[in-house]
Amino acid sequence: MTFRKDRWLGNQWASIDIEPVDPYYFLPVLYYFMATYGIARPAVIDTLDGYTTEFTIQGCATILSIDAWTFSIAFEQDAMRDRVYDALLQLPLDYFDS
């Protein structure tokens, strides 16, 4: 998987774009955040063309979302996006494939 810093257009939250855009990876990515940041499993909402969920990481509102075109995670705080991005880059390339 690859990750790229970005920003959501609507709410201007700092985000990380995730490639590939494949629904197979939605739950493994969510489970990574649950295990790494000690969050309880949030409700996953089935949208018309994907999934979305909202949770809090260390006091920062966070949204994980995938649709037919994009897969990303957005953070209310830029600093949290940067910390998570740095942590994701430290993972083995096949981390989410196992």
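Preceding this section is the structure that the text describes.
Quick look at the structure, then. (Residues numbered from 1 in each chain as written. Predicted model: local features only at pLDDT ≥ 70, side-chain atom pairs only at ≥ 80, totals over all residues. Heavy atoms only, no water.)

## Remarks on the side chain of Thr52
The residue Thr52 is located in strand β4 (residues 50-57) in this model. There is a polar contact of 3.3 Å between the side chain of Thr52 and the backbone oxygen of Leu64. (Helix = DSSP H or I, 4+ residues; strand = E, 2+ residues; numbered from the N terminus. Polar contact = N/O pair within 3.5 Å; in protein donor to acceptor, adjacent residues only side chain to side chain.)

## Observations concerning the packing of helix α1 (residues 26-37) against helix α2 (residues 78-89)
One can describe the packing of α1 onto α2 by two numbers: an axis separation of 13 Å at closest approach and a directional angle of 105°. In terms of orientation, α1 lies roughly perpendicular with respect to α2. Residues Tyr32, Phe33 and Tyr37 of α1 form the contact with α2, whose participating residues are Val84, Ala87 and Leu88. Grouping the amino acids of the contact of α1 with α2 by side-chain chemistry returns six nonpolar, no polar and no charged. (Axes fitted to C-alpha atoms, helices over the stretch in contact; angles between N-to-C directions. Parallel < 35°, antiparallel > 145°, perpendicular 65-115°, else oblique. Contact = heavy atoms within 4.5 Å. Nonpolar A, V, L, I, M, F, W, Y, C, P; charged D, E, K, R; others polar.)

## Details of α2
Counted at 1.5 Å a residue, the expected span for α2 with its 12 residues is 16 Å, and the 17 Å between its end C-alpha atoms agrees. Three or more residues of α2 are buried, namely Met80, Arg81, Val84, Tyr85 and Leu88. Taken end-on, α2 shows its buried residues confined to a sector of 135°, consistent with a single buried face. Those residues of α2 hidden inside the fold are in contact with β1 (2-7), β2 (14-19), α1, β4, β5 (60-66) and β6 (71-75). (Expected span 1.5 Å × (residues − 1). Buried < 20%, exposed > 50% of the residue type's maximum accessible area, 1.4 Å probe, protein only. Arc of directions from axis to C-beta.)

## Description of the packing of aromatic side chains
Scanning all chains against the criterion turns up 10 aromatic pairs. For the ring pair Phe3 and Phe96, a centre distance of 6.5 Å and an interplane angle of 65° mean the geometry is edge-to-face. Pair noted here: Phe3 is in strand β1 and Phe96 is in the segment after α2, with a separation of 93 residues, a long-range link. According to the relative accessible area criterion, Phe3 is buried, its value standing at 14%. Judged by centre distance (5.7 Å) and plane angle (80°), the rings of Tyr32 and Phe96 are edge-to-face. Taken together, the positions of Tyr32 in helix α1 and Phe96 in the segment after α2 put the pair 64 residues apart, joining distant regions of the chain. Neither Tyr32 nor Phe96 differs from the other in exposure class; each is buried. Aromatic rings pair up to connect Phe3, Tyr32, Phe33, Tyr37, Phe55, Tyr95 and Phe96 into one cluster. (Phe/Tyr/Trp six-rings, centres within 6.5 Å; stacked < 30°, edge-to-face > 60°.)

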